[in-house]
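Structural characterization, general
Given next are the chains, with one letter for each unit.
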Amino acid sequence: MNAVLQAPLTAEDWTRATETCGRVIAVSGSRVSVMLPPPAQASDAMRATVGKFLGIRVGASLLIGVVTHISLESSPASGTRSVIPVAQLDLIGEIRGHG
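Residues numbered from 1 in each chain as written. Predicted model: local features only at pLDDT ≥ 70, side-chain atom pairs only at ≥ 80, totals over all residues. Heavy atoms only, no water.

1. Concerning the overall build of the protein chain
From N to C terminus, the protein chain includes one helix and five strands. Listed by position from the N terminus, the elements making up the protein chain come as α-β-β-β-β-β. Within the protein chain, the proportion of its 99 residues that are buried is 32%. Nonlocal contacts in the protein chain, meaning residues at least 24 apart in sequence, comprise 49% of its contacts between residues at least 6 apart. Approximately 6300 Å² of the protein chain is accessible, and the part contributed by carbon and sulfur atoms is 57%. (Helix = DSSP H or I, 4+ residues; strand = E, 2+ residues; numbered from the N terminus. Buried < 20%, exposed > 50% of the residue type's maximum accessible area, 1.4 Å probe, protein only. Contact = heavy atoms within 4.5 Å. Areas by Shrake-Rupley, 256 points an atom, 1.4 Å probe, with all protein chains shown as cover.)

Below, the structure is given as structure tokens:
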């Protein structure tokens, strides 16, 4: 299953996204691609780095993944030549009944 970013995000969207560190934009097997906020908008505590564990809320579960790769990718949805930071996560577990 793949999810594609449909439109550029507004400042309000990024405010919501940085509260949770990013947005899932693609899934392939146990690998997840997460669009991250621009570095200038992420606090040190919220900045994703290789080896960091991140959680993905799915219903009442929290999927746990480890960041294996971070890259800058072009954003065709923006209509410009802008790039977005994207983290690749390998899913390693699940906590059920979380939240």
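2. What to know about the pattern of salt bridges
Between side chains of opposite charge, a pair can form as their charged atoms come close. Going through the model one piece at a time under the given rule, you end up with two salt bridges. With a closest N to O distance of 2.9 Å, Arg31 and Asp90 form a salt bridge. One end of the pair, Arg31, is in strand β2 (residues 31-35); the other, Asp90, is in strand β5 (residues 83-95), and 59 residues separate them in sequence. The exposure class of Asp90 is partly exposed, given its relative accessible area of 25%. Among the ionic pairs, Glu94 bridges to Arg96, the shortest N-O distance being 3.7 Å. (Salt bridge = Lys/Arg side-chain N within 4 Å of Asp/Glu carboxyl O.)

3. So, the pairing of strand β1 (residues 23-28)
Bridge count for β1 against β2 is five bridges, and the pairing is antiparallel. Counterpart to Ala26 in the pairing with β2 is Ser33. The turn joining β1 and β2, which pair antiparallel and follow one another in sequence, is formed by two residues; a positive phi near 65° is taken by Gly29. (Pairing = 2+ DSSP bridges.)

4. Digging into the sheet that holds β1
Read across the open sheet, the five strands follow the order β1-β2-β5-β4-β3; overall the sheet is antiparallel. The open sheet has two free edges, formed respectively by β1 and β3 (53-58), since each of these has just one partner strand. Going across the sheet, the axis of each strand differs from the next one's by a mean of 40°, ignoring polarity. (Axes fitted to C-alpha atoms, helices over the stretch in contact; angles between N-to-C directions.)

5. Observations regarding the pairing of β3
In this sheet, strand β4 (residues 61-74) lies alongside β3 in antiparallel orientation, the contact comprising six bridges. Along β4, the bridge assignment pairs Leu54 with Gly65. In textbook terms, the turn of a hairpin is the stretch between consecutive antiparallel strands, and for β3 and β4 this stretch comprises two residues, one of which, Gly59, has a positive phi near 60°.

6. Section: the confidence of the model for the protein chain
In the predicted model, the protein chain carries a mean pLDDT of 75, and the fraction of residues at 70 or more is 63%. No element of the protein chain has a lower mean pLDDT than helix α1 (residues 11-20), which averages 52, and none a higher one than β2, which averages 93. For residues 14-18, every residue scores under 50 in pLDDT, and the model assigns this stretch twelve contacts once sequence neighbours within four places are set aside. (pLDDT = per-residue confidence, 0-100.)

7. A look at the environment of Thr49
Tracing the backbone through its elements, the reader meets Thr49 in the loop between β2 and β3. Between the C-alpha atom of Thr49 and that of His69, which follows or precedes it by 20 residues, the distance is 8.3 Å. Residues contacting Thr49, with those up to four places away along its chain left out, are Val67 and Ile70.

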